[in-house]
Amino acid sequence: MGSVSSRGHRAEAQVVMMGLDSAGKTTLLYRLKGYQLVETLPTVGFNVEPLEEPGHMSLTLWDVGGQSQLRASWKDHLEGTDVLVYVLDSTDEARLPEAVAELREVLDDPSVASVPLLVLANKQEAPQALSLPEIRDRLGLQGFLGRSWDLRACSALTGAGLPEALESLRSLLKSRRPCMAR
Ligand code: G3D
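Residues numbered from 1 in each chain as written. Predicted model: local features only at pLDDT ≥ 70, side-chain atom pairs only at ≥ 80, totals over all residues. Heavy atoms only, no water.

**Here's the deal with the overall build of the protein**
Now for step 1: Along the backbone of the protein there are five helices and six strands.
Now for step 2: Ordered by position from the N terminus, the helices and strands of the protein form the series β-α-β-β-α-β-α-β-α-β-α.
Now for step 3: Put simply, the protein has 182 residues, and 49% of those count as buried.
Now for step 4: Restricting to contacts in the protein with at least 6 residues of sequence separation, those with at least 24 account for 74%. (Helix = DSSP H or I, 4+ residues; strand = E, 2+ residues; numbered from the N terminus. Buried < 20%, exposed > 50% of the residue type's maximum accessible area, 1.4 Å probe, protein only. Contact = heavy atoms within 4.5 Å.)

Here it is in structure tokens:
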């Protein structure tokens, strides 16, 4: 609590969660906060929420893709990001190429060079969900040299995989800012 990081003086870690619209970011956010989500509204612009677990961190939510006007805004907010979380809709094979292209666009931004990446393959409870190995191949994750990354399956709907996703987030954060994660 209140630690001074090796990179600066923020006492709060900054986690940015991105993904195409409808990937499940809002649902995940409220699940992670321990709320039962009844209904979601499309994310307009972005949401910023404090997240009590796994440490002292704020989580910013962005839709990527589609709206080019918003892209300029989220790029402005990448500075200071400690971990990037990229949410994929595992059932949306049709938009997977777009999701991959947008992820590459985000990762090409110099302000997140070498920032750890956690990819969450969401909606895994759905029978038509793509498998984790297939998603790994389609994303080309093995080619991400010089960046720590992890890929986890989850369902924001049922909560399955979320404890493991948080554990992964915690260890990626620890690799970035050792004083922040417990
Ligand atoms: P976004 O914030 O990324 O835009 P939302 O996405 O959280 O608004 O979710 C978009 C839709 O996907 C919502 O359905 C939501 O209930 C659903 N969803 C989110 N996570 C999961 C999941 O793990 N499994 C399944 N099957 N659906 C999920 P609606 O019908 O409200 O559009």
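**Looking at the site of the ligand**
Now for step 1: Among the 16 residues in the neighbourhood of the ligand, the closest are listed as Ser22, Lys25, Thr26, Thr27 and Glu125.
Now for step 2: Residue alanine 23 places a main-chain N or O atom 3.2 Å away from an oxygen atom belonging to the ligand.
Now for step 3: Protein contacts shield 71% of the accessible area of the ligand, which totals 660 Å² for the unbound molecule.
Now for step 4: For the shell around the ligand, the element with the highest residue contribution is helix H1 (residues 25-32), accounting for three residues.
Now for step 5: By residue class, the composition of the shell around the ligand is four nonpolar, eight polar and four charged. (Near = heavy atom within 4 Å. Polar contact = N/O pair within 3.5 Å; in protein donor to acceptor, adjacent residues only side chain to side chain. Areas by Shrake-Rupley, 256 points an atom, 1.4 Å probe, with all protein chains shown as cover. Nonpolar A, V, L, I, M, F, W, Y, C, P; charged D, E, K, R; others polar.)

**Let's talk about H1**
Now for step 1: Extensive coverage of H1 is indicated by the burial of six of its eight residues.
Now for step 2: Every buried residue of H1 is listed here: Lys25, Thr26, Thr27, Leu28, Leu29 and Leu32.

**A look at the environment of leucine 145**
Now for step 1: Along the chain, leucine 145 turns up in the loop between helix H4 (132-139) and strand E6 (149-153).
Now for step 2: Overall, leucine 145 belongs to the exposed group, its relative accessible area being 76%.
Now for step 3: Separated by 31 residues in the primary sequence, leucine 145 and serine 114 have C-alpha atoms spaced 9.0 Å apart.

**Considering the nonpolar core**
Now for step 1: Met18, Leu84, Tyr86, Leu88, Leu117, Val119 and Leu139 are the most contacted members of the largest nonpolar core, which totals 27 residues.
Now for step 2: Secondary-structure elements contributing two or more residues to this core are strand E1 (13-19), strand E4 (83-89), helix H3 (96-107), strand E5 (117-122) and H4.
Now for step 3: The leading source of residues in this core is H3, at six residues.
Now for step 4: Setting aside residues up to four positions removed in sequence, leucine 117 forms contacts with Leu84, Tyr86, Leu103, Leu107, Leu141, Phe144, Arg147, Ser148, Trp149, Asp150 and Leu172.
Now for step 5: In terms of nonpolar packing, the next biggest core, distinct from the first, is built from 23 residues, Leu120, Cys154, Ala156 and Leu172 among them. (Core = buried A, V, L, I, M, F, W, Y, C linked by side-chain atoms within 4.5 Å.)

**Re the confidence of the model for the protein**
Now for step 1: A residue-level look at the protein finds 75% of positions with pLDDT of 70 or above and a mean pLDDT of 80.
Now for step 2: The element-level mean pLDDT for the protein is lowest in strand E2 (residues 46-51), coming to 64, with E5 highest at 97. (pLDDT = per-residue confidence, 0-100.)

**Points about the pattern of salt bridges**
Now for step 1: A full pass over the atoms with the stated rule returns nine salt bridges.
Now for step 2: Its salt-bridge partner being glutamate 134, residue arginine 138 comes within 3.5 Å of it at the nearest N-O pair. On the criterion of helical spacing, the pair formed by arginine 138 and glutamate 134 is a turn pair, its members being four residues apart in helix H4.
Now for step 3: Here arginine 138 falls in the partly exposed class, since its relative accessible area comes to 34%. (Salt bridge = Lys/Arg side-chain N within 4 Å of Asp/Glu carboxyl O.)

**Here's the deal with the side chain of aspartate 150**
Now for step 1: Inspection of the secondary structure puts aspartate 150 in strand E6.
Now for step 2: For aspartate 150, a relative accessible area of 18% corresponds to the buried category.
Now for step 3: Among the polar contacts listed, one links the side chain of aspartate 150 to the side chain of serine 168, at a separation of 2.6 Å.

**A short note on the environment of glutamate 105**
Now for step 1: For glutamate 105, the position within the fold is in helix H3.
Now for step 2: Among the residues examined, glutamate 105 registers a relative accessible area of 27% and is labelled partly exposed.
Now for step 3: Along the backbone, glutamate 105 and valine 64 are 41 residues apart, and their C-alpha atoms lie at a distance of 9.4 Å.
Now for step 4: Dropping the residues within four chain positions of it, glutamate 105 is found in contact with Arg71, Trp74 and Lys75.

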